[in-house]
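What the coordinates show
Chain by chain, the residues run as shown.
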Amino acid sequence: MPDSTPADPPRAEDDPGRAFYSHDHGHCTTEALARAEALTTARGLRLTPVRRRTLEILLEQHRAMGAYEVLDRLAEDGFGKQPPVAYRALEFLVEQGLAHRIRRLNAFAACARPGEAHRPVFLICTGCDAIAEAPGARVYEALKLAARDVDFVIDRANVEAVGLCPTCQSSASEARA
Ligand SMILES: [Zn+2]
Ligand SMILES: [Zn+2]
Ligand SMILES: [Zn+2]
């Protein structure tokens, strides 16, 4: 009797805004690592220990980390202190769509939807540094049209916005009250 079966509650990992509220983040991380393993294997590549550890470090929180911050963490784990160690691992993750480069912050964030075709816009909270990927198809379409008006063909675009997440908005308004 499918009609009487209550609908499953929406899963947090399907919510692009989950970076901005507390959720079962362990589940996020486990899921992302499993997808990363499956994707790299399917592509005939390897998630080597340093690549996997780099992804785990990025996945610890929904925020971006600079290459040197990642390098420090890798060094603590015995992966060496040479910057190329971090850069190569990060580059691999970006190439494979497992992480994104956040240009505004000169930093990297784990992808929230690895293996899915998506063109995210990045929403960066200046209060708590959380970053969410919101679906950006409409934004990029608008950008393409705006460019076309001036006979410009876009090669690459990366939309990043800074502001306050719901949690930081409420603490800001409480502070004002
Ligand atoms: Zn999470
Ligand atoms: Zn992504
Ligand atoms: Zn925030």
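Residues numbered from 1 in each chain as written. Chains lettered and ligands numbered in written order. Predicted model: local features only at pLDDT ≥ 70, side-chain atom pairs only at ≥ 80, totals over all residues.

1. Re the environment of Thr 126
Mapping Thr 126 onto the fold places it in the loop between strand 3 (120-125) and strand 4 (131-135). When the 11 C-beta atoms within 10 Å are taken as the criterion, Thr 126 is described as exposed. Through-space distance from the C-alpha of Thr 126 to that of Pro 114 is 25 Å; in sequence the pair is 12 residues apart. Not counting the four nearest positions on each side in its chain, Thr 126 is found in contact with Val 162, Gly 163 and Leu 164. (Helix = DSSP H or I, 4+ residues; strand = E, 2+ residues; numbered from the N terminus. Buried ≥ 20, exposed ≤ 12 C-beta atoms within 10 Å, placed from the backbone. Contact = placed C-beta atoms within 7 Å.)

2. With respect to the sheet that holds strand 3
Spatially, the 3 strands line up as an open sheet ordered 4-3-5, and their pairing is mixed. Every other strand in the sheet has two partners, leaving strand 4 and strand 5 (160-163) as the edge strands with one partner each. Strand-to-strand twist in this sheet, taken as the mean axis angle between neighbours without regard to direction, amounts to 25°. Direction of pairing for strand 3 relative to strand 5: parallel, over a ladder of 4 bridges. Within strand 5, the residue paired with Ile 124 across the bridge is Val 162. (Pairing = 2+ DSSP bridges. Axes fitted to C-alpha atoms, helices over the stretch in contact; angles between N-to-C directions.)

3. Details of the packing of helix 2 (residues 49-59) against helix 4 (residues 83-95)
Where helix 2 meets helix 4, the closest approach of the two axes is 9 Å, and the angle between their N-to-C directions is 75°. Judged by the angle between their axes, helix 2 and helix 4 are roughly perpendicular. Across the interface between the two elements, Val 50, Arg 51, Thr 54 and Leu 55 of helix 2 pack against Val 85, Ala 86, Ala 89, Leu 90, Phe 92 and Leu 93 of helix 4. Taken together, the residues that form the contact of helix 2 with helix 4 break down as 8 nonpolar, 1 polar and 1 charged. (Parallel < 35°, antiparallel > 145°, perpendicular 65-115°, else oblique. Nonpolar A, V, L, I, M, F, W, Y, C, P; charged D, E, K, R; others polar.)

4. Quick look at the packing of helix 3 (residues 67-76) against helix 4
Where helix 3 contacts helix 4, the two axes come as close as 9 Å, and the packing angle between them is 110°. With respect to helix 4, the element helix 3 is oriented roughly perpendicular. Crossing geometry of helix 3 relative to helix 4 is assigned as right-handed. Here helix 3 contributes Ala 67, Val 70, Leu 71 and Leu 74 to the contact with helix 4, which in turn contributes Pro 83, Val 85, Ala 86, Tyr 87 and Leu 90. When its residues are assigned to classes, the contact of helix 3 with helix 4 shows 9 nonpolar, no polar and no charged. (Left-handed = near helix turned anticlockwise from the far one by under 90°.)

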